[in-house]
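# Residue-level structural notes
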Amino acid sequence: MGLAQSNPDRYNIHLQTGDLLFCASGSGELSKAIDQATQTANQTHFDHVGIVEIDKDTIWVMNAAPKKGVCREFIGQFMTSDHGQIIATVYRLRTDYQKAIPKAMIKAGKFLGQTYNYTYTLHEKGFYCSQFVYEVFADDSIFTLNPMTFKNPETGKILPGWIKHYQKLGIPVPEGELGCNPNGLASSPKLEIIGVLKLIRKSK
C-alpha cells in the first residue's frame, strides 16, 4: 500500500504548503548519474524534487517529471516509482523566507502542463524538476544557479549515463552551462531540513 493521498496528520511530519520533498529513488542509470555528478559538501543523494500543496485534507505535489511534464499529483503517486517506494526528505523555507511561498505557488500553478526539459539546459522549452522549483521561487532569489557538471568527480570524465543521454538527443553535453540540480537546491542556506517523511500506520 502506497502513502496516503490525504490527511496530513497521517504522517510523522505535518506537511505545509511550500514544503519541498527531495527524493532518492536509488535506481535507474540516469538517476545515478544525476547523483554522482551533483554531489555537494552536504553529501545528500537526491535525484528529484517537488513542491507540496495542501488543499483541505489532500496532499498534492507539483513537480516536473519525465513523461509527465509539469504536473500536480497525489503524494502517493509522487512517492511511488516503477521500482517501488521512494524515500522523501522534507525541507522547509526558513521563517524569514516563508513570505515567498504564496506567490511561488501561484507561479507553479501557471506552469502546469509544460513539457519536460530533457536537455537540462535553461534555454530549451519546458522544465526539469529542479529548474521548475528554482523558477517558481526565482522572484525572491531563494536559490542560485551554478555551472553544471556531468563528470565523475573522481575521474574528471563525463559519466557514461550522460554521454548516452545526450547522444540520443543529438546535442553536446552542456558541461559548464548554468543550471541547477536537487542536491544543489537542498544545500541552500534558506532551507532547513525537517526530516524523512514516513506514513503513520494505525494499528487495527
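Residues numbered from 1 in each chain as written. Predicted model: local features only at pLDDT ≥ 70, side-chain atom pairs only at ≥ 80, totals over all residues. Heavy atoms only, no water.

### Some words on the packing of helix H3 (residues 101-110) against helix H4 (residues 129-136)
It is the contact of H3 with H4, at a shortest axis distance of 8 Å, that shows an interaxial angle of 130 degrees. Classified by the angle between their axes, H3 and H4 sit oblique to one another. Residues Ala-104, Lys-107 and Ala-108 of H3 lie in contact with H4, whose contacting residues are Phe-132, Glu-135 and Val-136. Each residue belonging to the contact of H3 with H4 can be placed in one class, and the counts come to four nonpolar, no polar and two charged. (Axes fitted to C-alpha atoms, helices over the stretch in contact; angles between N-to-C directions. Helix = DSSP H or I, 4+ residues; strand = E, 2+ residues; numbered from the N terminus. Parallel < 35°, antiparallel > 145°, perpendicular 65-115°, else oblique. Contact = heavy atoms within 4.5 Å. Nonpolar A, V, L, I, M, F, W, Y, C, P; charged D, E, K, R; others polar.)

### Re a nonpolar patch on the surface
Residues Tyr-118, Leu-169 and Ile-171 make up a contiguous nonpolar surface patch of about 230 Å² in total accessible area. Within the fold, Leu-169 resides in helix H5 (residues 160-169). (Patch = residues over 30% accessible without salt bridge, like charges linked within 9 Å, V, L, I, M, F, W, Y side chains within 5 Å. Areas by Shrake-Rupley, 256 points an atom, 1.4 Å probe, with all protein chains shown as cover. Salt bridge = Lys/Arg side-chain N within 4 Å of Asp/Glu carboxyl O.)

### Concerning the confidence of the model for the chain
Should pLDDT be low for a region, the predicted coordinates there are not to be read in detail. When pLDDT is averaged across the chain, the result is 87; 82% of the residues are at 70 or more. A low-confidence stretch, residues 37-41 stays under pLDDT 50, and its non-local contacts, those more than four residues away or across chains, total 13 contacts. (pLDDT = per-residue confidence, 0-100.)

### What to know about the packing of aromatic side chains
Across all of its chains, the model carries 15 aromatic pairs by this definition. Taking 4.9 Å as the distance between ring centres and 70 degrees as the angle between the ring planes, the aromatic pair formed by Phe-22 and Tyr-91 counts as edge-to-face. With Phe-22 in strand S1 (residues 20-24) and Tyr-91 in strand S7 (residues 87-93), the pair connects residues that are 69 residues apart, well separated along the chain. The pair Phe-22 / Tyr-91 is uniform in exposure class, with both members buried. Look at Phe-111 and Phe-132: their rings are 6.4 Å apart centre to centre, the planes differ by 70 degrees, and that puts the pair in the edge-to-face class. Taken together, the positions of Phe-111 in the loop between H3 and H4 and Phe-132 in helix H4 put the pair 21 residues apart, joining distant regions of the chain. Note on accessibility: Phe-111 and Phe-132 belong to one class, buried. Put simply, the rings of Tyr-116, Tyr-118, Tyr-120, Tyr-128, Phe-150, Trp-162 and Tyr-166 pair up and form one aromatic cluster. (Phe/Tyr/Trp six-rings, centres within 6.5 Å; stacked < 30°, edge-to-face > 60°. Buried < 20%, exposed > 50% of the residue type's maximum accessible area, 1.4 Å probe, protein only.)

### What to know about H4
With respect to burial, H4 is a largely interior element, seven of its eight residues being buried. Turning to H4, its buried residues number three or more, namely Cys-129, Ser-130, Gln-131, Phe-132, Val-133, Tyr-134 and Val-136. Here the buried face of H4 lies against S1, strand S2 (48-55), strand S3 (58-65), strand S4 (69-74), H3 and helix H6 (182-186).

### Details of H5
When we look at burial in H5, the residues that qualify are Gly-161, Trp-162, His-165 and Tyr-166. For H5, the angular spread of buried residues about the axis comes to 120 degrees, placing them on one side. Across H5 from its buried face, at more than 90 degrees, point the exposed residues Pro-160, Gln-167 and Lys-168. (Arc of directions from axis to C-beta.)

### A short note on the pattern of salt bridges
The tally for this structure, following the rule as stated, stands at seven salt bridges. Residue Arg-92 is joined to Asp-19 by a salt bridge in which the shortest nitrogen-to-oxygen separation is 2.7 Å. With a gap of 73 residues between them, Arg-92 in strand S7 and Asp-19 in the segment before S1 connect regions that are remote in the sequence. The burial state of Arg-92 is the same as that of Asp-19; both residues are buried. With its nearest N and O atoms 3.4 Å apart, the salt bridge here joins Glu-135 to Lys-107. Placement of the pair is Glu-135 in helix H4 and Lys-107 in helix H3, with a sequence separation of 28 residues. Relative accessible area serves as the criterion here: at 28%, Glu-135 is assigned to the partly exposed category. Here the salt bridges do not stand alone but share partners, grouping Glu-53, Asp-55 and Arg-72 into one network.

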